[in-house]
Amino acid sequence: PAMFDCACFRNDSSNKVRNSSQNSSMQQPEECGCGIVFGTDPSGSLVCRSFVPGGPAEASGLVQVGDILASVDGCDVLRKPVAQVAPLLLGKTGSRVRLGLQRSGTYLVVELERRPSTPAGALTAFMSAMGENGNKSR
């Protein structure tokens, strides 16, 4: 199944080259997410597979592995392609995002603050999710 990490961030290609007065080693990413690694289920829905350690979703305790992403900031995303959903999950550092989740037949809305994650944390979460999906014989 396809996997993606909404903790990842992106920079516009127009912002990749900056002069040295604008460049800082402590620069915040332009866009970041909420620290959830999603996979797809057989119906095409995005399902929480794992969390970035210390990320907003894990720290909140409000999102659980197995939750199905149904909406982002009020927009229906159920069974939508990752390419349509990812831009909705990403936003400026410190901005808030409301996730509509389906859990065991109930619908709940959680609000999280977007924060950047470390590459190591994102990789750990992604590899953990891949291990759970790729090797069930443990």
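Residues numbered from 1 in each chain as written. Predicted model: local features only at pLDDT ≥ 70, side-chain atom pairs only at ≥ 80, totals over all residues. Heavy atoms only, no water.

### Quick look at the overall build of the protein
- Helix and strand content of the protein: three helices and seven strands.
- Listed N to C, the secondary structure of the protein is β-β-β-α-β-β-α-β-β-α in terms of helices and strands.
- Taken across its 138 residues, the protein has 38% of its residues classed as buried.
- Sequence-distant contacts, at least 24 apart, represent 55% of the contacts inside the protein between residues at least 6 apart.
- Carbon and sulfur atoms make up 53% of the accessible area of the protein, which totals about 7700 Å². (Helix = DSSP H or I, 4+ residues; strand = E, 2+ residues; numbered from the N terminus. Buried < 20%, exposed > 50% of the residue type's maximum accessible area, 1.4 Å probe, protein only. Contact = heavy atoms within 4.5 Å. Areas by Shrake-Rupley, 256 points an atom, 1.4 Å probe, with all protein chains shown as cover.)

### What about the pairing of strand β7 (residues 106-113)?
- Strand direction decides the pairing type here: strand β6 (residues 96-103) and β7, joined by eight bridges, are antiparallel. If you follow Arg98 over to β7, its bridge partner there is Glu111.
- Where β6 hands over to β7, the hairpin turn is made up of two residues, of which Ser104 adopts a positive phi near 50°. (Pairing = 2+ DSSP bridges.)

### A closer look at the pattern of salt bridges
- Throughout the structure, instances matching the rule amount to four salt bridges.
- Between Arg103 and Asp67 there is a salt bridge, and its shortest N-O distance comes to 2.7 Å. Taken together, the residues span a long stretch of sequence, with Arg103 in strand β6 and Asp67 in the loop between α1 (56-60) and β4 (68-72) at a distance of 36 residues. Each member of the pair, Arg103 as well as Asp67, is classed as buried.
- What you see here is one network of salt bridges that share partners, running through Arg96, Glu111 and Glu113. (Salt bridge = Lys/Arg side-chain N within 4 Å of Asp/Glu carboxyl O.)

### Section: the environment of Val63
- You can see Val63 is positioned in the loop between α1 and β4.
- For the pair Val63 and Val109, spaced 46 residues apart in sequence, the C-alpha separation works out to 9.7 Å.
- Once residues within four sequence positions are removed from consideration, Val63 is found in contact with Ile36, Cys48, Phe51, Ala57, Leu101, Arg103, Val110 and Leu112.

### As for the pairing of β6
- Of the pairings in the sheet, the one linking β4 to β6 comprises four bridges and is antiparallel in character. By the bridge assignment, Leu69 is partnered in β6 with Leu101.

### Overview of the nonpolar core
- Counting residues in each nonpolar core, the largest one holds 18 residues, and the members touching the most others are Ile36, Val63, Leu69, Val72, Leu89, Leu99 and Leu112.
- For this core, the secondary-structure elements that each account for two or more residues are β2 (36-40), β3 (46-51), β4, α2 (82-89), β6 and β7.
- In contact with Leu99, not counting residues within four places along its chain, are Cys34, Ile36, Leu69, Ser71, Val72, Leu89, Leu108, Val109, Val110 and Leu112. (Core = buried A, V, L, I, M, F, W, Y, C linked by side-chain atoms within 4.5 Å.)

### Focus on the confidence of the model for the protein
- Chain-level statistics for the protein give a pLDDT mean of 76 and a share of 64% at 70 or above.
- Of the regions scoring below 50 in pLDDT, residues 7-25 engages in 24 contacts with residues more than four places distant in sequence or in other chains.
- Across residues 133-138 the pLDDT falls below 50, and counting only partners more than four positions away or on other chains, this stretch makes five contacts in the model. (pLDDT = per-residue confidence, 0-100.)

### Thoughts on the side chain of Ser71
- As for its position among the elements, Ser71 is in strand β4.
- For Ser71, a relative accessible area of 9% puts it in the buried group.
- Within the local environment of Ser71, its side chain forms a polar contact with the side chain of Tyr107, the two groups lying 2.8 Å apart.
- Non-local contacts of Ser71, meaning those with residues more than four positions away in its chain, are made with Asp76, Val77, Arg98, Leu99, Gly100 and Tyr107. (Polar contact = N/O pair within 3.5 Å; in protein donor to acceptor, adjacent residues only side chain to side chain.)

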